[in-house]
Amino acid sequence: MLSRFKQVDVFTRVPFKGNPLAVILEGDGLTTDQMQAIAHWTNLSETTFVLKPTDPAADYRVRIFTTGGELPFAGHPTLGTAHALLESGYPPKEPGRLVQQCGVGLVELAQQDAHVWAFAAPPARVTPLPETQYAALQAALKTDAIDFSAPPCAVDNGAPWLVVRLQSADACLALTPDSQQLAAVAHAAGTHGIAVYAPHAAGGPATFEVRCLMAGGAFGVGEDPVTGSANAALAGLLTQQNRRPGNGYTARQGTAIGRDGRIVVNYDDAAGKTWIGGSSVTVVDGTFRLP
């Protein structure tokens, strides 16, 4: 049995500079075990499976798997799956708009321009990190540049991250964390990784530099190249902490590992939505032999 398949680079228009995603465009009929086996085999941070929706309001349903488990939501798989589906010829119910059904419910996507689509950030649960954990966090990140005037918070929008602000982009890029201590702090906060961000100086390549350090569990380990869920978590936390830079901003991620991911955030206060956007480019296009 064959399925249409695309491997997409997300949050970039330049192949190999974003975050890769495997998309199985015809996932109906596969069991959960088969999906997990395929995701384990592709060995990418996420693999998605497009299915017929069960909610009439949705254009499609997607299941998102890491190499080790299923996620109810993730950002770069949301944008990459939409790109693959549209490129394959799928006509949206409403031009310029898609509704994705996934584990967190319905997620709206909107076209921003010819190259950029964005998703509306799902609701998130925010839990401040106890101050008793601050010293452990500093030891895990091996830095004294944490900006505790913006309290670190666990933010769970379906993919839980501990969001931490540093004083400068240079300090963010210089991090060489202790992986064991990082995992202990992240897991104690009920998250699977630490999303570190810091402001660039005026005139820099973006408003913020972002790094996402994974701590095992469903996320795996290592550094994620570009992360939609973490950037959605950051965007919401900036609003909550009154640190939002106007009605939108840009972020750069992946610099420390040779990538150049670009995220565009826009706040629509009238509609009560925060849009997390980026470009995608197809790198591999063909068929996948299903088990």
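Attention here is on the structure that accompanies the text. Given the structure is predicted, the values throughout are model-derived calculations rather than measurements. (Residues numbered from 1 in each chain as written. Predicted model: local features only at pLDDT ≥ 70, side-chain atom pairs only at ≥ 80, totals over all residues. Heavy atoms only, no water.)

## Points about the packing of helix α3 (residues 134-141) against helix α5 (residues 179-188)
Between two packed helices, both the angle of their axes relative to each other and the distance between the axes serve to describe the pair.
Here comes step 1: Running from N to C, α3 and α5 point in directions that differ by 145°, and their axes come no closer than 8 Å. Read as a crossing pair, α3 and α5 show a hand that is left-handed. Judged by residue contacts, Ala136, Leu137, Ala139, Ala140 and Leu141 of α3 engage Gln181, Leu182 and Val185 from α5.
Here comes step 2: When the residues that make up the contact of α3 with α5 are grouped by side-chain class, the tally is 7 nonpolar, 1 polar and no charged. (Axes fitted to C-alpha atoms, helices over the stretch in contact; angles between N-to-C directions. Helix = DSSP H or I, 4+ residues; strand = E, 2+ residues; numbered from the N terminus. Left-handed = near helix turned anticlockwise from the far one by under 90°. Contact = heavy atoms within 4.5 Å. Nonpolar A, V, L, I, M, F, W, Y, C, P; charged D, E, K, R; others polar.)

## Examining empty space enclosed by the protein
In this approach the atoms are scanned with a rolling probe the size of a water molecule, which exposes any empty space left behind.
Here comes step 1: Per the counting criterion, the structure on display carries 1 cavity of 30 Å³ or more.
Here comes step 2: There is about 120 Å³ of room inside the largest cavity.
Here comes step 3: Residue assignment for the lining of the largest cavity shows that the elements contributing at least two residues are α2 (75-87) and α6 (228-240).
Here comes step 4: For the lining of the largest cavity, the class distribution of residues is 8 nonpolar, 7 polar and 2 charged. (1 Å grid on protein atoms, 1.4 Å probe; cavity = no way out; pocket = protein on both sides within 12 Å on 5 of 7 lines; lining within 4 Å. Points joined across faces, edges and corners; volume = space filled by probe spheres on them.)

## Description of the packing of aromatic side chains
Here comes step 1: Applying the stated criterion across every chain, the model contains 8 aromatic pairs.
Here comes step 2: Summarising the aromatic geometry, the rings of Trp41 and Phe288 are spaced 5.8 Å apart at their centres and angled 85° between planes, so their arrangement reads as edge-to-face. On the criterion of sequence distance, the pair formed by Trp41 in helix α1 (residues 32-42) and Phe288 in strand β18 (residues 280-289) is long-range, its members being 247 residues apart.
Here comes step 3: Exposure remark for Phe288: the relative accessible area of 10% places this residue in the buried category.
Here comes step 4: Judged by centre distance (6.3 Å) and plane angle (45°), the rings of Tyr249 and Tyr267 are tilted. Placement of the pair is Tyr249 in strand β15 (residues 248-253) and Tyr267 in strand β16 (residues 261-268), with a sequence separation of 18 residues. Taken as a pair, Tyr249 and Tyr267 share a single burial class, namely buried.
Here comes step 5: Members of the aromatic cluster, each reached through a chain of ring pairs, are Tyr197, Phe208, Tyr249 and Tyr267. (Phe/Tyr/Trp six-rings, centres within 6.5 Å; stacked < 30°, edge-to-face > 60°. Buried < 20%, exposed > 50% of the residue type's maximum accessible area, 1.4 Å probe, protein only.)

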